[in-house]
Amino acid sequence: MKPENKVLIFDTTLRDGEQAPGASMNEKEKLEIAYALDRMGVDIIEAGFPVISEGDFHGVEMVAKNVKNSIVCGLARSIKKDIDAAHQSLKSAKNPRIHVFLATSKIHMEHKLRKSKEEIIQMAIDAVKYAKSKVSDVEFSPEDASRSERDFLFKVLEEVIKAGARTVNIPDTVGYTMPELYGDLIASIKNNVPNIHKAVISVHCHNDLGLAVANSLAAIKHGARQVECTINGVGERAGNASMEEIVMALKTRSDYFGCSTGIKTKEICRTSRLVSKYTGFVVAPNKAIVGHNAFRHESGIHQDGVLKEPTTYEIMRPEDVGFMETGLVLGKHSGRHAFKERLKLLGVQIKDEELDKAFIRFKSVADKKKQVFDEDLLAIVEDEVKVFQKVWTLESLKAEIGTDIAPQVHVELKFKGKTFKKTSTGDGPVDACYKAIDDITKMKGELLDYSIQSVTQGKDALGEVTVKVAIDGKNIIAHGASTDILEASAKAYINAVNKVISQKK
Ligand code: KIV
Ligand code: ZN
């Protein structure tokens, strides 16, 4: 593959993805995702919008300090204060990039910015020059480019490239464009911006009409060589273009696109799971590439075909995206060594003390459940290896429920070696359980969202509960897994409390 046919992957899960309502992550969660993105070969990680909040600033700083291969990027409006914050937060990055943006569509210029075309051009030039005085790698985005007047857009691009921008990004900010139109826009930029050969053309599509991936691919077909995207397509409103879909489309149809990326596709499912866990956004079962059913064949004719020859109904190999087949792997007689080896095969690296805890947990799950599948193992490990301190832990839980009695739940929690107990009633067992936890921990939580998913199939499957809880003015997403759904619910809620306490510390 010629170097000019490499498409750079610019991941903005930690910036535009995090702008999705309710998706906010803490610094450690962001760092874990950044490590996963780096490991999968992402070229550029947009780690945040540093001027926006202290949390965002530190998030970018932490990613910049720790990520070793990917370029780390911070977003800034075209004003000095933003560029200074981005620069400061990227101080320890090996490869820093500042991404400045300024709207160029008539609607945005008139109503939002209240600036003339001349003022916009000058602001863009000044911002790029200022960013360039801080770092050598500067990207410029004319926000709402797809609704901007073409001649004006060409002029802005020419000027920012002259001012030093190495990448010019063409955002479809409101998800308005169509594949053919967007492809044509990219082709016209190539033909009408005289110095365009000095910059990489990037694309950034939102999914308001469900076309973000199609639009991005059309742009690549017409010469874009950087694509901005997010894992699972998370992002503002209907989200951004999904990275896994773009990468696999380019790989599967390399005959059509003639392009490749540097992404290690086997890391896709694992990274998708991590992002789903930390954002609290469950991936739809029919989601392309990473959905639970993406490689499952239900119809007898299809199953027969796949068994005879997988390519009859599979255009990609599940293992190429790290999709694990649900094979029976371990049971209650399996030892620590087998457990450790299986985790290694699944690509899980954990410290010895975490492995010990996960193994004890595995044994207790294996006691209740005859078959322990790979997905169960991952849920157990994720449940045990926390990116926050486990201050409160669940000792025991007893519930009295029935169709004609008020549910009553007795909870025992441990804190610094001491056991605390409380019995509560509520509208349902989960409500009663959460009231008891509130009473014991003296943390009043408001449950904003609750969902439960079975990790594998069967009546004895592990249930994974995800909760969104408002505590102390913060919206916290947390998880808990168990074969007992009330226990999983309790663990998720306790984890939310622990997260708040860890953040305070
Ligand atoms: O959608 C958009 O226009 C953006 C820019 C900041 C690139 O996210
Ligand atoms: Zn965006």
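Each value, and the rule that gives it
- Residues numbered from 1 in each chain as written.
- Chains lettered and ligands numbered in written order.
- Predicted model: local features only at pLDDT ≥ 70, side-chain atom pairs only at ≥ 80, totals over all residues.
- Heavy atoms only, no water.
- Helix = DSSP H or I, 4+ residues; strand = E, 2+ residues; numbered from the N terminus.
- Rg over C-alpha atoms; globule rule 2.2 N^0.38 Å.
- Contact = heavy atoms within 4.5 Å.
- Areas by Shrake-Rupley, 256 points an atom, 1.4 Å probe, with all protein chains shown as cover.
- Lys, Arg positive; Asp, Glu negative; His and termini not counted.
- Charge placed at Lys NZ, Arg CZ, Asp CG, Glu CD.
- Buried < 20%, exposed > 50% of the residue type's maximum accessible area, 1.4 Å probe, protein only.
- Pairing = 2+ DSSP bridges.
- Right-handed = clockwise from strand over helix to strand, strands pointing away.
- Donors = N, O, S within 2.8 Å, 3.2 Å for Na, K, Ca; no water.
- Domains from an automatic or database assignment.
- Expected span 1.5 Å × (residues − 1).
- Axes fitted to C-alpha atoms, helices over the stretch in contact; angles between N-to-C directions.

Draft legend 1. View of the overall build of the chain. Tallying secondary structure elements over the chain gives 17 helices and 16 strands in all. For 505 residues, the compact-globule estimate of 2.2 N^0.38 gives 23 Å, and the C-alpha radius of gyration of the chain, at 25 Å, lies within 12% of that figure. For the chain, the spread of C-alpha atoms along the principal axes amounts to about 75 × 60 × 45 Å. Across the chain, the fraction of contacts at a sequence separation of at least 24, relative to all contacts at a separation of at least 6, is 66%. Carbon and sulfur atoms provide 52% of the accessible area of the chain, an area that totals close to 22,900 Å². If the 73 positive side-chain charges of the chain are averaged to one point and the 71 negative ones to another, these points end up 4 Å apart.

Draft legend 2. Quick look at the environment of Tyr434. Within the secondary structure, Tyr434 sits in helix H16 (residues 429–441). Put simply, Tyr434 and Gly445 are eleven residues apart on the chain and 8.3 Å apart in space, counted from C-alpha to C-alpha. Sequence-distant contacts of Tyr434, defined by excluding residues within four places in its chain, comprise Leu447, Tyr450, Val467, Ser489, Ala490 and Tyr493.

Draft legend 3. Broad picture of the pairing of strand S3 (residues 71–77). The element S3 is largely enclosed, with a buried count of five among its seven residues. Relative to S3, strand S2 (residues 44–48) is paired through four bridges, and the arrangement is parallel. Looking at the pairing, Gly48 lines up with Gly74 of S3. For the handedness criterion, the β-α-β arrangement of S2, helix H2 (residues 54–66) and S3 is classed as right-handed. Following the chain from S3 across helix H3 (residues 80–89) to the adjacent parallel strand S4 (residues 96–103), one finds a crossover that is right-handed.

Draft legend 4. Region of the structure containing the coordination of the zinc ion (ligand 2). Protein coordination at the zinc ion (ligand 2) comes from Asp16 (OD), His204 (NE2) and His206 (NE2), with a distance range of 2.0 to 2.1 Å. Taken in sequence order, the residues that donate to the zinc ion (ligand 2) follow the motif D-x187-H-x1-H. With Asp16 in the loop between strand S1 (8–11) and helix H1 (27–39) and His204 in strand S7 (residues 200–205), this residue pair connects regions lying 188 residues apart in the sequence. Assigned by exposure class, Asp16 and His204 land together as buried.

Draft legend 5. Inspection of the domain arrangement of the chain at higher detail. The assigned domain composition of the chain is domain 1 (3–279), domain 2 (295–323), domain 3 (325–384) and domain 4 (392–504). For domain 2 and domain 3, the distance between their C-alpha centres works out to 27 Å.

Draft legend 6. Molecular detail of helix H11 (residues 268–279). Taking 1.5 Å of rise per residue, the twelve residues of H11 would be expected to cover 16 Å, and the 16 Å separating its terminal C-alpha atoms lies within 8% of that figure. The element H11 is largely enclosed, with a buried count of ten among its twelve residues. Taken together, the buried positions of H11 are occupied by Ile268, Cys269, Thr271, Ser272, Leu274, Val275, Ser276, Lys277, Tyr278 and Thr279. Lining the buried residues of H11 we find H1, helix H9 (243–252), helix H15 (374–384) and strand S16 (474–482).

Draft legend 7. How the structure looks around the sheet that holds strand S14 (residues 445–454). Across the sheet, three strands lie side by side as S14-S15-S16; this open sheet has antiparallel pairing. The sheet is open, and its two borders are formed by S14 and S16, each paired with just one other strand. Neighbour-to-neighbour, the strand axes of the sheet open up by a mean angle of 15 degrees, direction not taken into account.

Draft legend 8. The arrangement of the side chain of Asp16 in detail. You can call Asp16 buried: its relative accessible area is 3%. Setting aside residues no more than four positions away along its own chain, Asp16 makes contact with His204, His206, Gly235, Glu236 and Asn240.

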